[in-house]
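Spelled out, the chains give:
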Amino acid sequence: MTTPGKFITLEGVDGAGKSTHLAFVADWLRGQGREVIVTREPGGTPLGETLRELLLHRDMDADSELLLMFAARQAHLAELIWPALARGAWVLSDRFTDASYAYQCGGRGIAAERIVTLENWVQRGFVPDLTLLFDVPAEVAEARRSAARVADRFEREADTFFNRVRNAYLARACAEPGRICVLDARQDIAALQREIAQLLERLL
Ligand code: TYD
C-alpha cells in the first residue's frame, strides 16, 4: 500500500539560504524510503520555466507579475504537483503561494484580496501540508546575496522591499501557525537541520 504523499514548501527572502535546506529535506525523506520530487516556483514545468525567465529578467508591472506567477502555478499543479501527490510521492517546492503574498502583496503592494481570488481559482482550497519559513533580517540576507551570482529583478530590490517581504511572511506565519513553521536561519546549519528533521518526523 502506498502512503499518501505530502506537499512541503520552503520560503524566505532571497538570501535566507533555503536552497541548502531543500537538499537536506529531500535526502532526509528519501532516507525514510519516500519518493521525493523536488521542484520550484516560478517554474517546475516547461511553461513554468519559460515564464520564470520572463519573471526574473524582463521588466513588467506588478499585476502582470502576479498573473504570470499564477499562470505558472496553474500548470505546475495540474501537470506535476497533483499527479505526483496522487501516486503517493512527496513534493518539495522551493517557494509557492506564500511567496506571492510576501513579494507581490507585501513587497509590491498589490491588495491581498486579489491574491486570495487567484489562489481560490487556481488551488481550489489546496494548501501545503508544511511550509518551512527561513527567516533572517533583511541585512543578513543582503550580505549573503551579494556574495552570490548576478542579481535577478527581485534580488536587485532595496532592503526596504525585503523588509516588507519578510514582514508579510511573518504575518502569514502568525495567521497559520499550524502550517507555517518559522526557522531562525541565522543558526548554524546543524542546529537548523535538527529542527527541520523534528518537523518532518511529525509529518510521516
Ligand atoms: P528564488 O526562489 O530566490 O530562486 P534562486 O534561488 O534561483 O534565486 O527566485 C525566485 C524569485 O521569484 C524570488 O525572488 C521570489 C520571486 N517570487 C515571487 O515574487 N512571487 C512568487 O509567487 C514566487 C513563487 C516567487
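Here's a quick rundown of the structure. Computed from a predicted model, the values in this text were never measured in an experiment.

So, on to the site of the ligand. Near the ligand lie 18 residues; those nearest to it are D14, R73, R95, S100 and Q104. Between an oxygen atom of the ligand and a side-chain N or O atom of R73, the distance comes to 3.1 Å. A majority-of-atoms criterion places the ligand in the largest pocket. Every element with two or more residues in the shell around the ligand is listed here: α3 (62–86) and α4 (97–107). Examining the composition of the shell around the ligand, we find that 4 residues originate from one element, α4, more than from any other.

Glancing now at the nonpolar core. Residues I8, Y103, L132 and F134 are the most contacted members of the largest nonpolar core, which totals 45 residues. What I8 contacts, discounting residues up to four positions off in sequence, is L29, W90, V91, L92, S93, L130, L200 and L203. Ranked by size, the runner-up nonpolar core spans 17 residues in total, among them I37, F70, I115 and L118.

Below, the discussion takes up empty space enclosed by the protein. Counting across every chain of the model gives 1 cavity of 30 Å³ or more. Lining the largest cavity we find F96, T97, D98, E119, Q123, V127, P128, R172 and R179. Elements with a contribution of two residues or more to the lining of the largest cavity: α4 and α5 (112–123). Of the residues contributing to the lining of the largest cavity, the split by class is 3 nonpolar, 2 polar and 4 charged.

Going through the model one piece at a time under the given rule, you end up with 0 disulfides. Considering cysteine sulfurs only, C174 is the nearest to C105, which forms no disulfide, with 15 Å between them. With relative accessibility at 22%, the residue C105 sits in the partly exposed group. Looking at the unpaired C174, the closest cysteine sulfur is the one in C181, lying at 13 Å. A relative accessible area of 64% means that C174 is categorised as exposed.

What follows deals with the environment of P137. Summarising the element assignment, P137 is placed in the loop between β4 (130–135) and α6 (138–146). Taking C-alpha positions, P137 is 9.0 Å from V13, a pair spaced 124 residues apart along the chain. Residues contacting P137, with those up to four places away along its chain left out, are R166 and R186.

This next bit is on α4. In an α-helix, one turn spans 3.6 residues, which is why side chains three or four residues apart end up on the same side. In terms of burial, α4 is largely enclosed, as 10 of its 11 residues are buried. Among the residues of α4, those classed as buried are T97, D98, A99, S100, Y101, A102, Y103, Q104, G106 and G107. Close packing links the buried residues of α4 with β1 (7–12), α3, α5, β4, α7 (159–175) and β5 (180–184). Within two residues after α4, G109 carries a phi angle of roughly 90°, on the positive side.

Before going further, it helps to examine the sheet that holds strand β3 (residues 90–94). The parallel open sheet is built from 5 strands, whose spatial order is β2-β3-β1-β4-β5. Both outer strands of the open sheet, β2 (36–40) and β5, are each paired with one neighbouring strand and no more. Going across the sheet, the axis of each strand differs from the next one's by a mean of 20°, ignoring polarity. Note that β4 and β5 share 5 bridges and pair parallel.

How each quantity is defined
- Residues numbered from 1 in each chain as written.
- Predicted model: local features only at pLDDT ≥ 70, side-chain atom pairs only at ≥ 80, totals over all residues.
- Heavy atoms only, no water.
- Near = heavy atom within 4 Å.
- Polar contact = N/O pair within 3.5 Å; in protein donor to acceptor, adjacent residues only side chain to side chain.
- 1 Å grid on protein atoms, 1.4 Å probe; cavity = no way out; pocket = protein on both sides within 12 Å on 5 of 7 lines; lining within 4 Å.
- Sits in = over half its atoms within 2 Å of the grid points.
- Helix = DSSP H or I, 4+ residues; strand = E, 2+ residues; numbered from the N terminus.
- Core = buried A, V, L, I, M, F, W, Y, C linked by side-chain atoms within 4.5 Å.
- Buried < 20%, exposed > 50% of the residue type's maximum accessible area, 1.4 Å probe, protein only.
- Contact = heavy atoms within 4.5 Å.
- Points joined across faces, edges and corners; volume = space filled by probe spheres on them.
- Nonpolar A, V, L, I, M, F, W, Y, C, P; charged D, E, K, R; others polar.
- Disulfide = S-S within 2.5 Å.
- Pairing = 2+ DSSP bridges.
- Axes fitted to C-alpha atoms, helices over the stretch in contact; angles between N-to-C directions.

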